[in-house]
Amino acid sequence: MLEFFLDLGHACQASLLGVVAAGTLMGPSSARPKRAVGKRNGSPHTNPSLGDLMTKSKERLARFYALSDGIFAVIITVMVLAFKAPDGHDLRALISLWPDLVSYAVSYAFIAVVWLNHHATLRYAQYLTGTLALANFANLFAISFIPFTTAWLAESEMASFPLTLYALVFFLVQGTYMVLMRESFSHAPDGIDPGSRTWQWRRAWIMLAVFLVAALVTVMPPLLRLGLLASFLILYCRPDAFQRADDSAL
């Protein structure tokens, strides 16, 4: 785990050095701040240029993205480490782990789709704001509960209350993601297709309602409730609602 965080730190450092090197290649006039005419408290002072401010903003966003990706990686690692070997050594022993396998498959697919949409959404953020940071950390906080609820759901063999808590975590992840969407899309250019923006919000509200139904309607069979939770794959397999407005889509 320590080596993972060291590698993540090195990756962040390399990305930041790349940003600084890019600014240097633009030439001395853009790489060095200009000294303003006049003095402050008896000494010359430097006014930051627009290029410097943009570079610092990109550096903050790069660190922000790297931290988020690292947390996603840790969550997936913790979830797979919760797997236990079957008691026996035959196919029947492996089949007996079906609650573990099913819940893990749904959780892994959900985290993968959340990461894809998380990345696609944050591409439109131009600078790091307090709302963006708080919404992102709230979203990651909700996602961090998935390994715990997945393990409990598997251990209980799809019992009602663990399944309700599992669905509520999905609901919380979706709700915090929608706050992240709102803040990130507020930075997007006005030229984005309004139809794509409408569809992005429409499917977000649909899945929020589906997750709430799966959490609250406990009279449904467990596998049907789990199937409702897995229905996000129908709407969210393609995260780029703004693909026509951006040639660099995933």
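Residues numbered from 1 in each chain as written. Predicted model: local features only at pLDDT ≥ 70, side-chain atom pairs only at ≥ 80, totals over all residues. Heavy atoms only, no water.

J.: With reference to specific residues and values, describe helix H7 (residues 146-155).
T.: Each turn of an α-helix holds 3.6 residues, which means side chains three or four residues apart point in the same direction. Turning to H7, its buried residues are Ile 146, Pro 147, Thr 149, Thr 150, Leu 153 and Ala 154. Angularly, the buried residues of H7 cover 170 degrees about the axis, an arc narrow enough to put them on a single face. Looking one or two residues beyond H7, the residue adopting positive phi is Glu 157, at roughly 55 degrees. (Buried < 20%, exposed > 50% of the residue type's maximum accessible area, 1.4 Å probe, protein only. Helix = DSSP H or I, 4+ residues; strand = E, 2+ residues; numbered from the N terminus. Arc of directions from axis to C-beta.)

J.: Hey, could you go over the confidence of the model for the protein chain for me, with residue numbers and the actual values?
T.: Scored by pLDDT, the protein chain has a mean of 75; 68% of the residues are at 70 or more. When the elements of the protein chain are averaged for pLDDT, helix H2 (residues 28-31) gives the smallest value, 41, and helix H8 (residues 160-185) the largest, 93. Scored below 50 in pLDDT, residues 12-45 makes 26 contacts in the model with residues more than four places away or belonging to other chains. With pLDDT under 50 throughout, residues 241-250 is counted as low confidence; its partners more than four residues away or in other chains account for 22 contacts. (pLDDT = per-residue confidence, 0-100. Contact = heavy atoms within 4.5 Å.)

J.: Provide a residue-level description of the packing of aromatic side chains, including the pertinent values.
T.: With the rule as written, the count across this model stands at twelve aromatic pairs. Summarising the aromatic geometry, the rings of Phe 170 and Phe 211 are spaced 5.6 Å apart at their centres and angled 90 degrees between planes, so their arrangement reads as edge-to-face. With Phe 170 in helix H8 and Phe 211 in helix H9 (residues 194-216), the pair connects residues that are 41 residues apart, well separated along the chain. For Phe 170, a relative accessible area of 0% corresponds to the buried category. Through a chain of ring-to-ring contacts, the aromatic side chains of Phe 110, Tyr 166, Phe 170, Phe 211 and Phe 232 assemble into a single cluster. (Phe/Tyr/Trp six-rings, centres within 6.5 Å; stacked < 30°, edge-to-face > 60°.)

J.: Give me the lowdown on the side chain of Ser 184, citing residues and values where you can.
T.: Take Ser 184: it is sitting in helix H8. Under the relative-accessibility criterion, Ser 184 is labelled buried at 0%. In this view, Ser 184 contacts Thr 121, Leu 122, Tyr 124, Ala 125 and Leu 132; residues no more than four positions away in its chain are not counted.

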